[in-house]
Amino acid sequence: MHLYVDTRPFGSSVPRGAHRLIQAITSRLPGNWLGMRTAILLRRRAMARLGEAGVDVTHFNLRLRLYPVGNTCEKAALYTPQLFHPLERMVLARLAREAVARKSLFTFIDLGANVGLFSLMAAQLAGGRARVLAIEPQPDIRERLAFNVENHPGFDIRPLGIALADREGEVDLFIDQRDRGGSRIGGRGQGESVKVRGRKLEAVLIEEGFEGADVMKVDVSGSEELVLWSFVETAAAALLPRVLLMKDSSAMWTRDVFALLRARGYSEGERSRSHVFFYLERKSV
């Protein structure tokens, strides 16, 4: 199923009436059980009226068009931005400040960029002094990513439409129709699939002119092992990012990616419900 993408100028789809009221309420709710339950009930009512349309909002000091139906990431950011990965945003803000203080640009690589929220936040947190590579293989999600990026012409963000894999060549991307953020390569029996171009991470970084990065986010719905294993195991130390922001999908892996990271000199840092930060000691690799 192709997702709807509205290409009208930003501001053409601002929330109105009941939807505006519901969004105003949910964006102020606390993160406790009662707050989350209230948000779920209210956003369900709003989404029933909204259908597949997108909504133009300014969240995280960013101009975003978000489509809550069929993508958990967009739904969470639209209705409860105050609860959208608060630990990750706090740590990224610190890392961006430190990188900018050390040099002129904050370099951020986003593997599994979805509609670009982390890529855009990285650029915004660095005050626009960032170079960002946003990799997203799903064609329609990538269109949404491109729209959000184009609304921030002062940011240096390059969207790249490939799937990162353990080999070069065409691969199957299995589409999660309930949550497009859960689509992945390397799966079977997951329903609809599309053919996409697969690339190895090391080759992409060299081709795009990235010698390492300040932060690399890796959230590829359980395919982190396929994307990272050969790269972490064999890449030159200069190519390894200073910090990895990893989705913890370890229950889906056949090998211990975290153990491999430690063997290459990374140590575990902050951990949220869904992500973990790993920090590299350059002298150890």
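Residues numbered from 1 in each chain as written. Predicted model: local features only at pLDDT ≥ 70, side-chain atom pairs only at ≥ 80, totals over all residues. Heavy atoms only, no water.

Asks: Explain the overall build of the chain residue by residue, including any values.
Replies: Helix and strand counts for the chain stand at 9 helices and 13 strands. Here the C-alpha atoms of the chain give a radius of gyration of 19 Å, agreeing with the 19 Å that 2.2 N^0.38 yields for 285 residues. Reported as C-alpha extents along the three principal axes, the dimensions of the chain are approximately 55 × 45 × 35 Å. Here the chain, with 285 residues, has 52% of them falling under the buried criterion. A separation of at least 24 residues holds for 69% of the contacts in the chain among residues at least 6 apart in sequence. When the accessible surface of the chain is split by element, carbon and sulfur atoms take 52% of a total near 12900 Å². (Helix = DSSP H or I, 4+ residues; strand = E, 2+ residues; numbered from the N terminus. Rg over C-alpha atoms; globule rule 2.2 N^0.38 Å. Buried < 20%, exposed > 50% of the residue type's maximum accessible area, 1.4 Å probe, protein only. Contact = heavy atoms within 4.5 Å. Areas by Shrake-Rupley, 256 points an atom, 1.4 Å probe, with all protein chains shown as cover.)

Asks: I'd love a proper account of the environment of Ile162, names of residues and values included.
Replies: In this structure, Ile162 sits in the loop between β5 (156-160) and β6 (163-164). Classification of Ile162 as buried rests on a relative accessible area of 5%. Distance from Ile162 to His275, taken between C-alpha atoms, is 23 Å for residues 113 residues apart in sequence. The residues contacting Ile162, other than those within four sequence positions of it, are Ile135, Glu136, Pro137, Arg197, Arg199 and Val204.

Asks: Describe the pattern of salt bridges, with residues and values.
Replies: Under the defined criterion, the tally for this structure stands at 20 salt bridges. Taking the shortest distance from any N to any O, the salt bridge between Arg158 and Glu208 comes out at 2.7 Å. With Arg158 in strand β5 and Glu208 in helix α7 (residues 201-208), this residue pair connects regions lying 50 residues apart in the sequence. Of the residues examined, Arg158 reaches a relative accessible area of 41% and is grouped as partly exposed. Between Glu168 and Arg199 there is a salt bridge, and its shortest N-O distance comes to 2.6 Å. Of the two residues, Glu168 sits in the loop between β6 and β7 (169-174) while Arg199 sits in strand β9 (residues 193-199), which places them 31 residues apart along the sequence. Residue class for Glu168 comes out partly exposed when judged on its relative accessible area of 41%. (Salt bridge = Lys/Arg side-chain N within 4 Å of Asp/Glu carboxyl O.)

Asks: Lay out the packing of α7 against helix α8 (residues 224-234) with the relevant residues and their values.
Replies: Axis separation between α7 and α8 bottoms out at 8 Å; the angle between their running directions is 70 degrees. Considered as vectors, α7 and α8 are oriented roughly perpendicular to each other. Packed against α7, whose contacting residues are Leu201, Glu202 and Leu205, the element α8 presents Val227, Leu228, Phe231 and Thr234 at the interface. Taken together, the residues of the contact of α7 with α8 break down into 5 nonpolar, 1 polar and 1 charged. (Axes fitted to C-alpha atoms, helices over the stretch in contact; angles between N-to-C directions. Parallel < 35°, antiparallel > 145°, perpendicular 65-115°, else oblique. Nonpolar A, V, L, I, M, F, W, Y, C, P; charged D, E, K, R; others polar.)

Asks: Provide a residue-level description of the sheet that holds β7, including the pertinent values.
Replies: On the basis of which strands lie adjacent, the open sheet formed by 4 strands has the order β6-β9-β7-β8 and mixed pairing. Only two strands of the sheet have a single neighbouring strand rather than two, namely β6 and β8 (184-185). In the sheet, β7 pairs with β8 via 2 bridges, with the strands oriented antiparallel. Looking across to β8, one finds that Phe174 is bridged to Arg184. (Pairing = 2+ DSSP bridges.)

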